[in-house]
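Notes for the structure review
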Amino acid sequence: MNSIIRNIISRRSVKKYLPTEVDPGLIAAVVEAGTYAPTGMNSQSPIIIAITNVALRNRLSAINAEILGTDTDPFYGAPVVLAVLAKASVRTRVYDGSLVMANMMLAAHSLGLGACWIHRAKETFEREDGCEILRQLGVSDAYEGIGFCILGYADGEPKPQSPRKSDYVIWAK
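Calculation notes
Residues numbered from 1 in each chain as written. Predicted model: local features only at pLDDT ≥ 70, side-chain atom pairs only at ≥ 80, totals over all residues. Heavy atoms only, no water. Helix = DSSP H or I, 4+ residues; strand = E, 2+ residues; numbered from the N terminus. Buried < 20%, exposed > 50% of the residue type's maximum accessible area, 1.4 Å probe, protein only. Polar contact = N/O pair within 3.5 Å; in protein donor to acceptor, adjacent residues only side chain to side chain. Contact = heavy atoms within 4.5 Å. Expected span 1.5 Å × (residues − 1). Pairing = 2+ DSSP bridges.

To continue, consider the side chain of Ser45. With respect to the secondary-structure elements, Ser45 resides in the loop between helix H2 (24-35) and strand E1 (46-51). In this structure Ser45 comes out as buried when scored by relative accessible area, which is 1%. Among the polar contacts made by the side chain of Ser45, one reaches the side chain of Asp96 at a distance of 2.9 Å. Setting aside anything within four residues of it in sequence, one finds Ser45 in contact with Thr39, Leu85, Ala86, Lys87, Val90, Arg93, Asp96 and Tyr143.

Right, dumping it as C-alpha cells:
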C-alpha cells in the first residue's frame, strides 16, 4: 500500500488538543493543500480564513457553541481554525468546499497534526456577528460557510478506526 492511501486510511478526527502553538509553516502547508482541491469547472470558489488569533478563535467558538446549544468549546481546544467558505452563487460550492476540507484534513494528518471537521460554518456566517467578522476581514457577504477545519497537536491517541460496513461498496460487474 502506498503512503497516500495509508494516510487516507489512518486519518482520524481529533477531538482533544494540546494547548501548544502550531508551527506556522505547517499551517501554511495545510492551507496550501486546501487550495489544490478540485473544484467544479476549476471555479476555485472556496476561500480559506486561517485563524490563529486567539480572540477571534474564541469568538467563533462562542458563536458555534451558541448555535449548537452548548457552553463547551466545539473546537475541542484546537488552537487553529481554518474556516472554509465558498461563493454562494456557485452551484458546486458545497462540493468544492468539502474537497478543500478533505484535502486539509489529510494534509494535516500527513504532517503529524490532528484535525477535525466542525459544522455550523454556514449558520455562523449567516448571523449578524458572523457577517461582521467577515466584513472586518474584508470578505464580502457573497460567501457561504462550508466548514471549520480545526488543527493542532493531538492530546493522546485518537480512537481506533471503526470497521467498514459490509455493504459500503456495491460492485456492478
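Next up on the list: helix H3 (residues 54-68). Residues lying three or four places apart along an α-helix face the same way, a consequence of the helix completing one turn every 3.6 residues. With 15 residues, H3 ought to run about 21 Å at 1.5 Å a step, and its terminal C-alpha atoms sit 21 Å apart, in line with that. When we look at burial in H3, the residues that qualify are Leu56, Arg57, Leu60, Ser61, Ile63, Asn64 and Ala65. For H3, the secondary structure elements touched by its buried residues are E1, strand E2 (80-87), strand E3 (114-118), helix H5 (121-126), helix H6 (128-136) and strand E4 (143-152). Looking at the residues trailing H3, positive phi occurs at Gly69, about 85°.

Now for the pairing of E4. Each regular strand carries side chains that alternate between the two faces of the sheet. Most of E4 is tucked away: 10 of the 10 residues are buried. By the bridge criterion, 8 bridges tie E2 to E4 in an arrangement that is antiparallel. Bridged to Val81 within E4 is Ile150.

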